[in-house]
Amino acid sequence: SMVGCSSFSINNNLSADSSLLIARNFDFYMGDEFAEDKLILFVKPSKGYAFTSYSWAGLTGVVSGMNEKGLTVTLNASKSDMPLKAKDPISLLAREILQYASTIKEAIAIAEKREVFVSESLLIGSAADKKSIIIEKSPQKQGVYDAGEDLVVCSNHYQSSTFLSDSINIKNIIYSDSKYRFDRMNELLEKKYPINIAKAIDVLRDMKGVNDEFIGYGNPKSLNQLIAHHSVVFKPYERLIWISTPPYQLGNFIAYNLDSVFSSPTKKVSIIDSLSFPSDKFLKTVDYKKYEIYKNIKQRIQKSIMLDLPFVLNNRNKEKFIKLNPNNYVTYMVLGEYCQKNKNYKEAITLYQKSLTNSVSSKDEENIIQSKIEFCQKELSKNE
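None of the values given here were measured: they were computed from a predicted structure.

Participant: Account for the overall build of the chain, naming residues and giving values.
Facilitator: Per the secondary structure count, the chain includes eleven helices and 13 strands. Here the chain has a C-alpha radius of gyration of 22 Å; the compact-globule value for 384 residues is 21 Å, and the two agree. Overall, the chain is about 75 × 45 × 40 Å in size when its C-alpha atoms are taken along their principal axes. Put simply, the chain has 384 residues, and 54% of those count as buried. When contacts within the chain are restricted to residue pairs at least 6 apart in sequence, those whose partners lie at least 24 apart make up 61%. Surface accessibility of the chain: about 17800 Å² in total, with carbon and sulfur atoms responsible for 51%. In the chain, 50 side chains carry a positive charge and 44 a negative one; their mean positions are 3 Å apart.

Participant: How would you summarise the packing of aromatic side chains if you had to cite specific residues and measurements?
Facilitator: All chains considered together, the criterion is met by 15 aromatic pairs. With centroids separated by 5.8 Å and ring planes inclined at 75°, the aromatic side chains of Phe28 and Phe34 adopt a geometry described as edge-to-face. Taking the centre distance of 4.9 Å and the plane angle of 70° together, the rings of Phe214 and Tyr217 count as edge-to-face. The exposure class assigned to Phe214 is partly exposed, which follows from its relative accessible area of 33%. An aromatic cluster is defined as three or more aromatic residues linked by ring pairs; in this entry it consists of Phe26, Phe28, Phe34 and Trp56. Across from the ring centre of Tyr180, 4.4 Å away, lies the NZ or CZ of Lys221, which sits over that ring. Between the NZ or CZ atom of Lys354 and the centre of the ring of Tyr332, over which it lies, the distance is 5.7 Å.

Participant: Can you break down unusual backbone geometry residue by residue, with the values?
Facilitator: Here Tyr193 and Pro194 are connected by a cis peptide whose omega angle stands at -5°. With respect to the element layout, Pro194 can be found in the loop between helix H4 (178-192) and helix H5 (197-204). Note that the residue after Pro246, namely Pro247, is joined by a cis bond; omega there is 0°. With respect to the helices, strands and loops of the structure, Pro247 is situated in the loop between strand E12 (240-244) and strand E13 (253-257). The backbone of Arg239 sits at a positive phi, close to 60°, despite the residue not being glycine. Within the secondary structure, Arg239 sits in the loop between strand E11 (230-235) and E12.

Participant: Please set out the sheet that holds E13 residue by residue, giving values where relevant.
Facilitator: Read from one edge to the other, the open sheet built from six strands follows the order E10-E1-E2-E11-E12-E13, with strand pairing classed as antiparallel. Strands at the two margins of the open sheet, each flanked by one partner only, are strand E10 (151-154) and E13. Within the sheet, the average angular offset between the axes of one strand and its neighbour, ignoring direction, is 10°. Summarising the sheet, strand E2 (residues 21-26) and E11 pair through five bridges and their orientation is antiparallel. Each residue of the ladder has a partner; that of Ala23, found in E11, is Val233. The strands that H4 touches are strand E1 (6-10) and E10; relative to E10, the one it contacts most, it runs at about 150°.

Participant: Pulling in residues and values, what's your account of the environment of Ser9?
Facilitator: Locating Ser9 in the fold gives a position in strand E1. Look at Ser9 and you get buried, because its relative accessible area is 2%. Along the primary structure Ser9 and Asn186 are separated by 177 residues, whereas in three dimensions their C-alpha atoms are 11 Å apart. A polar atom in the side chain of Ser9 sits 2.7 Å from the side chain of Ser132.

Participant: Which residues make up the nonpolar core, and what values do they have?
Facilitator: Leu226 and Ile301 are the most contacted members of the largest nonpolar core, which has 34 residues in total. Every element with two or more residues in this core is listed here: helix H7 (286-307), helix H8 (315-324), helix H9 (329-341), helix H10 (345-356) and helix H11 (363-382). In terms of residues, this core owes the most to one element, H9, which gives eight residues. Excluding residues within four positions of it along the chain, Leu226 makes contact with Met207, Tyr217, Gly218, Tyr248, Leu250, Phe282 and Tyr291.

Calculation criteria
- Residues numbered from 1 in each chain as written.
- Predicted model: local features only at pLDDT ≥ 70, side-chain atom pairs only at ≥ 80, totals over all residues.
- Heavy atoms only, no water.
- Helix = DSSP H or I, 4+ residues; strand = E, 2+ residues; numbered from the N terminus.
- Rg over C-alpha atoms; globule rule 2.2 N^0.38 Å.
- Buried < 20%, exposed > 50% of the residue type's maximum accessible area, 1.4 Å probe, protein only.
- Contact = heavy atoms within 4.5 Å.
- Areas by Shrake-Rupley, 256 points an atom, 1.4 Å probe, with all protein chains shown as cover.
- Lys, Arg positive; Asp, Glu negative; His and termini not counted.
- Charge placed at Lys NZ, Arg CZ, Asp CG, Glu CD.
- Phe/Tyr/Trp six-rings, centres within 6.5 Å; stacked < 30°, edge-to-face > 60°.
- Lys NZ or Arg CZ within 6 Å of the ring centre and 35° of its normal.
- Pairing = 2+ DSSP bridges.
- Axes fitted to C-alpha atoms, helices over the stretch in contact; angles between N-to-C directions.
- Polar contact = N/O pair within 3.5 Å; in protein donor to acceptor, adjacent residues only side chain to side chain.
- Core = buried A, V, L, I, M, F, W, Y, C linked by side-chain atoms within 4.5 Å.

Right, here's the structure in full:
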């Protein structure tokens, strides 16, 4: 999956200062080059409210943002039917909400007017309403999830009554990694209450699985999958936003105050150094260096498979590759695909089976690996 975002909202007794706090990982992966540069925009439109948006150059919509009224929007993708025609892009709807809504009621009304061609959850935080809700959109319908509590957690499946019996949503919960990340967020937050900015960032950067199981670096089950384009934390009452810096969301989190930005007579935008948070300690570890080497080799293997590029791995190099990230099922799956491509079906089966003994990201992924095993077994039987 190229999309596996996670977000949450904390309020009142669960928040360290009893005020609304919203945090999100934007795990949207389109290659390393795509994530190298980020862009934070501070927009004063001729109509509507001023707002800030954090994404990449060229995006005219919004995926993570907050306006001058303290209304926030973050997008989390969900599963839907294959779109058959173009409708409103969800990022443009998110921008419209930021530009023209100051309350949850206004945000819902704007969303109801638009038809979208993908399924998406929009986590809406509101300083005016002192709460957060989730607007759930699909090409066919819209639901609103209001937990009525101080905690709202959002991954990549729907929670409102509108979608409870929806077959696509039910399958998504069963077969994807969304529910697992949802459970991990709840588990971490419960351990860390009351939540402040530092603890929220720790949750976003977490690389372990449920019950603190180590499931390998880069596992899609992790909240921090080491692919994030960005992470953001909002404090709507104070109009404060913290944004992550590379690599992934492991660099410094730097802060801006929207009131200061939009009231500046010189239009100067300044980082609030006193509110910055340091980079993750993981960046200085041997494991991080090993993961970067691992990722580079993995990508070379995958390119060789997809594009028929020459790439040779002897047994010694395979073992070295495994030692770089031995707890991630993907390690063995990728090597299995390499062996399958080279018609070494017996070794491919062994590697696929080893992959299944680790924490596989989803039921869908398990089924894919099992189908690869069955293919290799059929190919072997042809030669017997």
